[in-house]
Structures are given as structure tokens and as C-alpha cells.
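What follows is the residue order along each chain.
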Amino acid sequence: MKKHHEYMNKFLRFILVFLLLYLAGSLCLDRFVFPKDIIGTYYEVPLPNHHQLEAFDVKYGCIVDAEIDETMVDEIDSLQIIGNNVIGSIPKYTESGRKGVNFFVYDTTTDKTALYETLEQLRKAEAIPEISFTTAIDYYWKHRRPADILLVLACVMVSLAYSSFRNHK
């Protein structure tokens, strides 16, 4: 019975220390590593040549030239980076409202945008062999993931070390 209590105490210490460290670490990441990210409402992700993907909600993002703080492409719902180009999809609007999507290629070196009606037109015109779009929010999480993984690993290691420590009288 004593062994059972000892294991439960270690487990509870591990959980408590992990949760406290993770909370403190998440706050530090949000404050110092990703200071402009307000999860769920706003985030920024670097793109080539002083551009960034910004989003004010989780559905759409926009490409902003960070040097002049100007929006270059708006309402991006998915994208892919190929060298200095950002390709993606944006909503297509008609007089009766939103109808489908248009596709774009934005060159971050020249600040020029080309629009295409179909994905096949984009593929042929730009000679892009494989297109695999990522949603704007998934692109953000991919950017943030390494820091989050390091935080979890550090919290697990410290929590394991602390929960294994035992005071001897």
C-alpha cells in the first residue's frame, strides 16, 4: 500500500509541476517569443523579403509588406510558399455575393500579384509542378510548433526530475 501512495504522489507532483511550468512557459512564449500573437484573434508569421502573413481571425489572412505596413493581398484562406512567391486562394466575389475562389501568385521581390480563375491556369502559367496549399491558421501553427514542442519537452523533463526527487529524512 505504501508503494501505491508513493507512485500516486510522484504522479501528482509530475502533473502539478508540468501544468505550472507549461502555464508559465506559455505566457513567456506569448510575451517574449511571439509578442504580437493573440491566440484566436491575431497573429503574424514571417514570409520572404520583409513580408508577413497577418490574420485577425482564424479563417483569413493577408500578406503585408512589413517595411511600409501595407496590405498586398487580402483574404487569403490558403497558401504555399515557393521561393520568393506566395501562391494561394482568395474568395471570388460577384454582384450576388461570394462565389468560389480565385487563385493568386504574389512575388515578394516585385510586389506584383497575378490572379487566376482556376488552379490549373495557375499551375500552367507559373509552371508549378505540385501545389499543396495550407490554410492560413495551419501555416501559423506550423511556424509556432517548434517553440511549443520545446516547451513541452522542457516541462516534461523538469517535471520528471522533480517528481522523482524524494526528500530523505
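All residue numbers refer to position in the chain's written sequence, counted from 1. Note on the predicted model: pLDDT of at least 70 is required for a residue's local features to be given, and 80 or more for side-chain atom pairs to be given and counted; whole-chain, interface and lining totals, by contrast, use all residues. Side-chain measures were taken over the full set of non-hydrogen atoms in the model, leaving aside hydrogen atoms and water.

A. Quick peek at the overall build of the chain. Numbering goes from the N terminus for both helices and strands, where a helix is a DSSP run of H or I of at least four residues and a strand is a run of E of at least two. Regarding its fold elements, the chain presents 3 helices and 9 strands. Every radius of gyration here is taken over C-alpha atoms, with the globule rule written as 2.2 Å times N^0.38, N being the number of residues. A compact globule built from 169 residues would reach a C-alpha radius of gyration of about 15 Å, whereas the chain, at 23 Å, exceeds it by more than 25%. With the C-alpha coordinates of the chain rotated into their principal frame, the extents come out at 75 × 35 × 35 Å. Summary of the burial criterion: residues with accessible area below 20% of their type's maximum are buried, those above 50% are exposed, and those between are partly exposed, where the area comes from a 1.4 Å probe applied to protein chains only. In the chain, which comprises 169 residues, the share counted as buried stands at 36%.

B. A look at the nonpolar core. Within this scheme, the nonpolar core is defined by two criteria: the residues are buried Ala, Val, Leu, Ile, Met, Phe, Trp, Tyr or Cys, and they are joined through side-chain atoms within 4.5 Å. By size, the foremost hydrophobic cluster in this structure holds 17 residues, and its most contacted members are Leu53, Ile63, Ile76, Leu79 and Phe104. The set of elements that each furnish at least two residues to this core consists of β1 (43-47), β2 (51-55), β4 (70-76), β6 (85-94), β7 (97-107) and α3 (136-164). Here phenylalanine 104 is in contact with Ile63, Val73, Ile76, Val86, Ile87, Gly88, Ser89, Ile90, Thr113, Ala114, Leu115 and Leu122, once residues within four sequence places are set aside. Core analysis: the second largest hydrophobic core is formed by 7 residues, Ile87, Val105, Tyr116 and Ile131 among them. Note on definitions: a residue-residue contact is assigned when non-hydrogen atoms from the two residues lie within 4.5 Å.

C. Geometry of the pattern of salt bridges. Basic side-chain nitrogens of Lys or Arg form a salt bridge, by our definition, when they fall within 4 Å of a carboxyl oxygen of Asp or Glu. Taken as a whole, this structure holds 5 salt bridges when the rule is applied. Among the salt bridges present, the one from glutamate 6 reaches lysine 10, with a minimum N-O distance of 4.0 Å. Of this pair, glutamate 6 and lysine 10 are both found in helix α1 (residues 2-33), 4 residues apart, which corresponds to roughly one turn of the helix. Here arginine 144 ties to aspartate 30 by a salt bridge, and the two come within 2.8 Å at their closest N and O atoms. Here aspartate 30 lies in helix α1 and arginine 144 lies in helix α3, a separation of 114 residues in the sequence. Residue arginine 144 is classed as buried on the basis of its relative accessible area of 5%.

D. Representation of the environment of aspartate 69 within the structure. Within the secondary structure, aspartate 69 sits in the loop between β3 (61-65) and β4. You can call aspartate 69 exposed: its relative accessible area is 63%. C-alpha separation for the pair aspartate 69 and glutamine 52, spaced 17 residues apart in sequence, amounts to 9.8 Å.

No statement about biological role is implied by the geometric values presented.
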